[in-house]
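# Chain and residue survey
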Amino acid sequence: MDAYVEKDAVEVSDDGRRPSEDPPATPPETPGIAAGAETAEAADTAEAAEVAEAAGSIEGPEGSGARSGVGIMALSLPYQVVVAVALAVVGVFACVHLAMVFLHVAPSNTLTKRHGEAVDDWIYPEFEQNWKLFAPNPLQTNIAVEVRAELVTADGGRRTTGWIDLTAQDIEAIRHNPMPSHAQQNQLRRAVDFYLNTHNDGGRPNGLRGTLSEEYMSRIAMLRLDALEGPDGRAIGADARRIQLRTVSRPVPAPRWSTEKTRTAPSYRDFPWWNVTEADRATGAGASRTEAGR
């Protein structure tokens, strides 16, 4: 019993509490082994981060998830909205345009009778449609418009210029031009069609539209003449007192491999002489438009 008392006295401290046992000693780590373990752990962490980022599940510095995907889904939300709205606008425009073209080329029906003016405003002049390129009557003739003028000379006499090819001017302006104007391509052709459709075989105008077609062609011709200089350096249009136009029709020759025989000689159709008024000149036309706007 004394042995047990002595053992308890050794284990109990003076203040009556049992002293804590010392933790087991940890052997010191080897520097090389510790560095290798840290490197392997860092490599595993980097590989896991790359995998998570590729899967789109890693979060950025501000806690927002990184986006993944291709096309529009790769954009941020505001840009996605902008692109979606733009695509919607383009889609609506395409649908409306196709509907307008369909109504324009379709036979007369209830919609075209009720909304024909709106359809024409949409189609003309940029999107005009016709069947002249296809059978049964495709165009096989090149038609040129020429003009000549009767000028007043310095001594008060009169002289007549040679024929000036207005169509050749348009062709020269269109050639090598990636974006020619609508006027260069179609103004003369439409003016001639307007004139021929509003005059009878004798050259008499059919009502008011016939008279308007004559004024229209006269003003086109005067605009072209005002841009040309005569031998004295003055604009031809400034001295013009009368003008005359004509059309020159030249059949398109058959290709070399074809055995078809075509007549290639040009044919002419002369229009009457028209007196030049102040309204036909460039300054007069501008003044007329100004007065009409008032």
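Given the structure is predicted, the values throughout are model-derived calculations rather than measurements.

Here we come to the environment of Phe-102. For Phe-102, the position within the fold is in helix 3 (residues 77-105). For Phe-102, a relative accessible area of 55% corresponds to the exposed category. Sequence separation between Phe-102 and Val-119 is 17 residues; the distance between their C-alpha atoms is 9.7 Å.

Running from N to C, helix 6 (residues 182-197) and helix 7 (residues 208-226) point in directions that differ by 150°, and their axes come no closer than 9 Å. Looking at the two axes, helix 6 sits roughly antiparallel to helix 7. Our pair here, helix 6 against helix 7, has a crossing hand that is left-handed. Between helix 6 and helix 7, the contacting residues are Gln-187, Leu-188, Ala-191, Val-192, Phe-194 and Tyr-195 on the first element and Arg-209, Leu-212, Ser-213, Glu-214, Tyr-216, Met-217, Ile-220 and Arg-224 on the second. Its residues assigned to classes, the contact of helix 6 with helix 7 shows nine nonpolar, two polar and three charged.

This part is about helix 7. One turn of an α-helix holds 3.6 residues; hence residues three or four places apart share an orientation. A rise of 1.5 Å per residue sets the reference length of helix 7, with its 19 residues, at 27 Å; its end C-alpha atoms lie 27 Å apart and thus fit the reference within 8%. All of the buried residues in helix 7 are Gly-210, Ser-213, Glu-214, Met-217, Ser-218, Ile-220, Ala-221, Met-222, Arg-224 and Leu-225. Turning to helix 7, the residues buried within the fold contact strand 1 (141-152), strand 3 (164-165), helix 5 (166-174), helix 6, strand 4 (240-251) and strand 6 (274-275).

It is worth spelling out the confidence of the model for the protein chain at this point. Mean pLDDT over the protein chain stands at 77; residues scoring 70 or higher make up 69%. Predicted confidence in the protein chain is weakest over helix 1 (residues 2-11), with a mean pLDDT of 47, and strongest over strand 3, with 94. Below a pLDDT of 50 lies the segment residues 3-10, which in the model reaches zero contacts outside its immediate sequence neighbourhood of four places, other chains included. Within the model, pLDDT remains below 50 along residues 32-37, and this stretch shows one contact once partners closer than five positions in the same chain are excluded.

On to the nonpolar core. Val-147, Met-217, Leu-225, Ile-243, Leu-245 and Trp-274 are the most contacted members of the largest nonpolar core, which totals 22 residues. Looking at this core element by element, the count peaks at five residues for helix 7. Ignoring sequence-local partners within four residues, the contact set of Leu-225 consists of Val-147, Ala-149, Ile-164, Ala-235, Ile-236, Gly-237 and Ile-243. Membership of the second largest hydrophobic core comes to five residues, among which are Met-100, Val-101, Val-119 and Ile-123.

With respect to the secondary-structure elements, Ile-236 resides in the loop between helix 7 and strand 4. When its relative accessible area of 11% is taken as the criterion, Ile-236 is described as buried.

Our next topic: the packing of helix 5 against helix 6. Two elements in contact, helix 5 and helix 6, have axes separated by 9 Å at closest approach and are oriented at 160°. Between helix 5 and helix 6, the angle falls in the class roughly antiparallel. In this structure, helix 5 meets helix 6 at a crossing whose hand is left-handed. Counting all contacts with helix 5, which are made through Leu-166, Thr-167, Asp-170, Ala-173 and Ile-174, the residues of helix 6 involved are Gln-184, Gln-185 and Leu-188. When its residues are assigned to classes, the contact of helix 5 with helix 6 shows four nonpolar, three polar and one charged.

This next bit is on the pattern of salt bridges. Under the defined criterion, the tally for this structure stands at nine salt bridges. Taking the shortest distance from any N to any O, the salt bridge between Glu-146 and Arg-246 comes out at 2.8 Å. With Glu-146 in strand 1 and Arg-246 in strand 4, the pair connects residues that are 100 residues apart, well separated along the chain. Just as Glu-146 is buried, Arg-246 falls in that class too. Its salt-bridge partner being Asp-170, residue Arg-224 comes within 3.2 Å of it at the nearest N-O pair. With Arg-224 in helix 7 and Asp-170 in helix 5, the pair connects residues that are 54 residues apart, well separated along the chain. Residues Arg-224 and Asp-170 agree in their burial class; the two are buried. What emerges from the salt-bridge pattern is a single network uniting Glu-150, Arg-158 and Arg-242.

About the thresholds
- Residues numbered from 1 in each chain as written.
- Predicted model: local features only at pLDDT ≥ 70, side-chain atom pairs only at ≥ 80, totals over all residues.
- Heavy atoms only, no water.
- Helix = DSSP H or I, 4+ residues; strand = E, 2+ residues; numbered from the N terminus.
- Buried < 20%, exposed > 50% of the residue type's maximum accessible area, 1.4 Å probe, protein only.
- Axes fitted to C-alpha atoms, helices over the stretch in contact; angles between N-to-C directions.
- Parallel < 35°, antiparallel > 145°, perpendicular 65-115°, else oblique.
- Left-handed = near helix turned anticlockwise from the far one by under 90°.
- Contact = heavy atoms within 4.5 Å.
- Nonpolar A, V, L, I, M, F, W, Y, C, P; charged D, E, K, R; others polar.
- Expected span 1.5 Å × (residues − 1).
- pLDDT = per-residue confidence, 0-100.
- Core = buried A, V, L, I, M, F, W, Y, C linked by side-chain atoms within 4.5 Å.
- Salt bridge = Lys/Arg side-chain N within 4 Å of Asp/Glu carboxyl O.

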